[in-house]
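# Commentary on secondary and tertiary structure
Given next are the chains, with one letter for each unit.
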Amino acid sequence: MEKLILKCGRYMPSAAGDTESRVKLLEAYLSGLTQELEFLVEELERVLQAQGMFATVGDGVAEASAQGGEGSV
């Protein structure tokens, strides 16, 4: 799998500005990050379904949850 690089980059808080403007910048960053992560999760699900592995992974997670977090996925 190729390396995944987020377009939004890393959040680097600004020391300048008031709290309101810094909060707005953080909200904008989180909004972009959320969109990218949702896209990547959808792509991962699509690839796993195409390979027939999605049901296996889902079953392993359900089984691990039923065992109280023990077991491997």
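One can find the structure itself at the top, above this paragraph.
## Considerations on the environment of cysteine 8
Structurally, cysteine 8 can be placed in the segment before helix H1 (19–50). Residue class for cysteine 8 comes out partly exposed when judged on its relative accessible area of 24%. Placed 20 residues apart in sequence, cysteine 8 and alanine 28 show a C-alpha to C-alpha distance of 9.9 Å. With near-sequence residues (within four places) excluded, cysteine 8 lies in contact with Tyr29, Leu33 and Glu36.

## Focus: the pattern of salt bridges
Side chains that carry opposite charge are capable of pairing whenever their charged atoms lie near each other. On inspection of all chains with the given rule, the structure shows two salt bridges. The salt bridge involving glutamate 20 is made with lysine 24; its shortest N-O contact spans 3.5 Å. One end of the pair, glutamate 20, and the other, lysine 24, are both in helix H1, four residues apart, so they sit about a helical turn from each other. A relative accessible area of 51% means that glutamate 20 is categorised as exposed. With its nearest N and O atoms 2.8 Å apart, the salt bridge here joins arginine 46 to glutamate 43. Of this pair, arginine 46 and glutamate 43 both sit in helix H1, three residues apart, which is roughly one turn of that helix. The exposure class assigned to arginine 46 is partly exposed, which follows from its relative accessible area of 47%.

About the criteria used
Residues numbered from 1 in each chain as written. Predicted model: local features only at pLDDT ≥ 70, side-chain atom pairs only at ≥ 80, totals over all residues. Heavy atoms only, no water. Helix = DSSP H or I, 4+ residues; strand = E, 2+ residues; numbered from the N terminus. Buried < 20%, exposed > 50% of the residue type's maximum accessible area, 1.4 Å probe, protein only. Contact = heavy atoms within 4.5 Å. Salt bridge = Lys/Arg side-chain N within 4 Å of Asp/Glu carboxyl O.

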